[in-house]
Amino acid sequence: MTPEMTSSFLLMTFAICTLIIAVGPSELLRIGAIDVDGHFTFKPSDLASVSSDFGMLKSPEEPLAVLHPSSAEDVARLIRTAYGSATAFPVSARGHGHSINGQASTGRNGVVVEMSHRNIGTPEPLVEPEEMYVDVWGGELWVDVLKKTLEHGLAPKSWTDYLYLSVGGTLSNAGISGQAFHHGPQISNVLELDVVTGRGEVMRCSEEENTRLFHGVLGGLGQFGIITRARISLEPAPQRVRWIRVLYSSFEVFTEDQEYLISMHGQSKFDYVEGFVIVDEGLVNNWRSSFFSPRNPVKISSVSSNGSVLYCLEITKNYHESESDTVDQEVEILMKKLNFIPTSVFTTDLQYVDFLDRVHKAELKLRSKNLWEVPHPWLNLFVPKSRISDFDKGVFKGILGNKTSGPILIYPMNKDKWDERSSAVTPDEEVFYLVALLRSALSDGEETQKLEYLKDQNRRILEFCEQAKINVKQYLPHHATQEEWVAHYGDKWDQFRSMKAEFDPRHILATGQKIFQNPSLALFRPSSSSSSASW
Ligand code: FAD
């Protein structure tokens, strides 16, 4: 045996012993013996690499093993082992690890399925230009989906602001950006899924087939199955984007314009509507705002009244190069209806792919300054339109003071573009806003940039909403107790719980979301498909 083989053998033996202690001998020996086309790894560096996430808010917890699957069948074999073993152990899909609160982790006695690592055998995106869809592996990153579909002059319709997220990860939440007002979230643009349930069955589902599972998995926080394939609807890809930012000092005028823009139907409208809040000049220099410089330097003091809060509307018009003569005129007509500060128009023009991939450029900049891998106590809320003004007064002009530590996005969406049958939860109003407080904590910064300060501010924001009875719903939700989860799901809870009992009765999947109790404590009723989970 070579020294390398000896050390691999010792590592494997050590890992197996650890597993035996944690999950029982039969399970572990079975994990080691599961015949997969991909591979399991027990190497400390591999375990460490999946033990924390973008949030960096929790102490890293290494799983027992990591599976690099090559196929849905690999995932199914692992889950069948977990499901059939005496003491079930957790199995979590990990997309690109961009969760904030450990949602993709399993804790110490689970197995993480690394979906985003390309293995020999993992299918490449397959575009069907005639049918206008693409079939993708669940761990595919959106940026790669885009590259592939652009080869056919096509692109998905609904996006996230950042493309280095996995398809399965965003579809487990919703996947939103400035196109959502028109196309709905990403979960509204899926035609079919292959899912490995918590029983280890590979199930195809769509609007026509296994409908309950299809809708349940979309926005389902990974609770009912691991998405191994998604069929995503496409449209002809625009070539260029006219990207415009304008400022407002009145929140009422700003939201009136945003709501007007998302109410527009027909051909002539903007393609993307977002916005953000500027509570301090620092924002101009932060990662979302490189737009303003160096060719468009903006002095906030030149448009702000007494350093008060400003609001920036961000809109785009997509176009084909053949339309470059008419795009100016079209934009001008659309903007005539808006009431922004006239001197505050900032415009740029770029390729569609560069617009979609804009946050990655900011990522590279932050990485070069060691400011990417820092804790991110992000808070994302859906706020009903009827209370957004109260939220502005209480949070933007109140709790935040004049320091933000990161961008604060705000944009409205139309509820009728969300399928009520999905598991995603939104407020009970026709129009609601996303408010995303995307803060980074610095250990050596000012007091207001420290993690504890920002976490406390998040707590105060949620407390304020509760006291003011603003019925917000968390997006990318994180709740500490079952009572909070039940309140989060509201009318959808009974359905959500019964789906869990049907598709993951042993509570094996996505335990990092902490919605249901630990698998080893879950009641084992293998023959029952409709009983309620006990928690
Ligand atoms: P992970 O964090 O790895 O997983 C998230 C959850 O999904 C876990 O519970 C995991 O077990 C489960 N999961 C992962 N893969 C699968 C699968 N194949 N099948 C079933 N369950 C699975 N979100 C938006 O909607 N819009 C945005 O504009 C946006 N911008 C972002 C920008 C940045 C810089 C970051 C860090 C995040 C952003 N997000 C945005 C949030 C993002 O959607 C979530 O982090 C989401 O979880 C996707 O990340 P991921 O693919 O890394 O999934």
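Residues numbered from 1 in each chain as written. Predicted model: local features only at pLDDT ≥ 70, side-chain atom pairs only at ≥ 80, totals over all residues. Heavy atoms only, no water.

### Digging into the overall build of the chain
Part 1 of the reasoning: Each helix and strand in the chain was counted, giving 17 helices and 18 strands.
Part 2 of the reasoning: Burial status across the chain gives 58% buried among its 535 residues.
Part 3 of the reasoning: The contacts in the chain between residues at least 6 apart in sequence include a share of 75% that link residues at least 24 apart.
Part 4 of the reasoning: Element-wise, carbon and sulfur atoms account for 52% of the exposed surface of the chain, whose accessible area totals about 22,500 Å². (Helix = DSSP H or I, 4+ residues; strand = E, 2+ residues; numbered from the N terminus. Buried < 20%, exposed > 50% of the residue type's maximum accessible area, 1.4 Å probe, protein only. Contact = heavy atoms within 4.5 Å. Areas by Shrake-Rupley, 256 points an atom, 1.4 Å probe, with all protein chains shown as cover.)

### With respect to the pattern of salt bridges
Part 1 of the reasoning: Taken as a whole and judged by the stated rule, the model has 33 salt bridges.
Part 2 of the reasoning: Two residues, K147 and D144, come together in a salt bridge whose shortest N-O distance is 3.7 Å. Of this pair, K147 and D144 both sit in helix α5 (residues 142-150), separated by three residues, roughly a single helical turn.
Part 3 of the reasoning: Among the salt bridges present, the one from E373 reaches R367, with a minimum N-O distance of 3.1 Å.
Part 4 of the reasoning: A residue is classified by how much of its surface remains accessible, and E373, at 57% relative accessible area, is exposed.
Part 5 of the reasoning: Salt bridges linked by common partners bring D135, E192, D194, R204, R229 and R231 together as one network. (Salt bridge = Lys/Arg side-chain N within 4 Å of Asp/Glu carboxyl O.)

### Structural notes on the nonpolar core
Part 1 of the reasoning: In terms of nonpolar packing, the biggest core is built from 76 residues, with W142, L171, I176, L193 and M413 touching the most fellow members.
Part 2 of the reasoning: Summarising the domain contributions, this core has at least three residues from each of domain 1 (124-234) and domain 2 (239-472).
Part 3 of the reasoning: Excluding residues within four positions of it along the chain, L193 makes contact with L171, M203, R204, C205, F214, V217, L218, I227, R229 and A230.
Part 4 of the reasoning: In this structure, L313, V327, F391 and L400 belong to the second largest nonpolar core, which totals 43 residues. (Core = buried A, V, L, I, M, F, W, Y, C linked by side-chain atoms within 4.5 Å. Domains from an automatic or database assignment.)

### A closer look at the sheet that holds strand β4 (residues 111-114)
Part 1 of the reasoning: Spatially, four strands are ordered β1-β2-β4-β3 in an open sheet, and the strand pairing comes out mixed. A strand with exactly one partner marks an edge of an open sheet, and here the two such strands are β1 (39-41) and β3 (91-94). Sheet twist, expressed as the mean angle between neighbouring strand axes with direction ignored, is 25°.
Part 2 of the reasoning: Bridging between β3 and β4 involves four bridges; their strand directions are parallel. Bridge pairing in β4 places R94 opposite E114. (Pairing = 2+ DSSP bridges. Axes fitted to C-alpha atoms, helices over the stretch in contact; angles between N-to-C directions.)

### A short note on the packing of aromatic side chains
Part 1 of the reasoning: Counting across every chain of the model gives 24 aromatic pairs.
Part 2 of the reasoning: With centroids separated by 5.4 Å and ring planes inclined at 75°, the aromatic side chains of F391 and F396 adopt a geometry described as edge-to-face.
Part 3 of the reasoning: By relative accessible area, F396 is classed as buried at 0%.
Part 4 of the reasoning: Three or more aromatic residues joined by ring pairs form one cluster here, namely F224, W485, Y489, W493, F496 and F516.
Part 5 of the reasoning: The side chain of R358 reaches across the aromatic face of F355, ending 4.2 Å from its centre. (Phe/Tyr/Trp six-rings, centres within 6.5 Å; stacked < 30°, edge-to-face > 60°. Lys NZ or Arg CZ within 6 Å of the ring centre and 35° of its normal.)

### Focus on the environment of L462
Part 1 of the reasoning: Residue position: L462 is located in helix α15 (residues 451-467).
Part 2 of the reasoning: Taking the relative accessible area as the measure of exposure, L462 reaches 29% and is therefore partly exposed.
Part 3 of the reasoning: In sequence terms L462 and L379 are 83 residues apart; their C-alpha atoms lie 9.4 Å from each other.
Part 4 of the reasoning: Discounting chain neighbours no more than four positions away, the residues touching L462 are L379, L381 and Q474.

### Section: the site of the ligand
Part 1 of the reasoning: Taken together, 32 residues lie near the ligand, and A93, G95, S99, D161 and Y475 sit nearest.
Part 2 of the reasoning: The backbone of G97 places a nitrogen or oxygen atom 2.9 Å from an oxygen atom of the ligand.
Part 3 of the reasoning: Contact with the protein chains removes 96% of the 960 Å² of surface that the ligand exposes when unbound.
Part 4 of the reasoning: Here the residues of the shell around the ligand sort into 12 nonpolar, 18 polar and two charged. (Near = heavy atom within 4 Å. Polar contact = N/O pair within 3.5 Å; in protein donor to acceptor, adjacent residues only side chain to side chain. Nonpolar A, V, L, I, M, F, W, Y, C, P; charged D, E, K, R; others polar.)

### Quick notes on unusual backbone geometry
Part 1 of the reasoning: The phi angle at M56 is positive, at roughly 50°, despite the residue not being glycine.
Part 2 of the reasoning: What makes M56 partly exposed here is its relative accessible area of 34%.

### Remarks on α5
Part 1 of the reasoning: Buried residues of α5: W142, V143, V145, L146 and T149, and no others. Within α5, the buried residues cover an arc of 160° as seen down the axis, which keeps them to one side.
Part 2 of the reasoning: On its buried side, α5 packs onto β5 (126-128), β6 (133-137), β7 (154-156), α6 (167-171), β10 (225-236) and α12 (352-356). (Arc of directions from axis to C-beta.)

### Things to note about the packing of helix α9 (residues 251-263) against helix α14 (residues 388-399)
Part 1 of the reasoning: Taken N-terminus to C-terminus, the directions of α9 and α14 make an angle of 130°; their axes are 11 Å apart at the nearest point. Put simply, α9 runs oblique to α14. In this structure, α9 meets α14 at a crossing whose hand is right-handed. Contacts between α9 and α14 involve F251, E252 and T255 on the former and, on the latter, I388, S389, D392, F396 and K397. (Parallel < 35°, antiparallel > 145°, perpendicular 65-115°, else oblique. Left-handed = near helix turned anticlockwise from the far one by under 90°.)

### With respect to the pairing of strand β12 (residues 272-278)
Part 1 of the reasoning: With seven of seven residues buried, β12 is to be regarded as a mostly interior element.
Part 2 of the reasoning: Side chains Y272, E274, F276 and I278 of β12 all project onto a buried face; the interleaved residues V273, G275 and V277 project onto the opposite face, where all are buried too.
Part 3 of the reasoning: Direction of pairing for β12 relative to strand β13 (residues 310-319): antiparallel, over a ladder of seven bridges. Paired with G275 across the bridge in β13 is L313.

### With respect to the environment of E207
Part 1 of the reasoning: Along the chain, E207 turns up in the loop between β9 (202-206) and α8 (211-217).
Part 2 of the reasoning: Residues E207 and L193, spaced 14 residues apart in sequence, show a C-alpha to C-alpha distance of 9.9 Å.
Part 3 of the reasoning: If we ignore the near neighbours within four places in the chain, the residues touching E207 are L191, F214, H215 and R421.
Part 4 of the reasoning: Side chain to side chain, E207 and H215 meet in a polar contact 3.3 Å long.

### Points about the side chain of S440
Part 1 of the reasoning: Checked against the element boundaries, S440 lands in the loop between β17 (431-437) and α15.
Part 2 of the reasoning: When its relative accessible area of 16% is taken as the criterion, S440 is described as buried.
Part 3 of the reasoning: When neighbours within four sequence positions are excluded, S440 is seen to be in contact with V374, P375, H376, S405, Q449 and L454.

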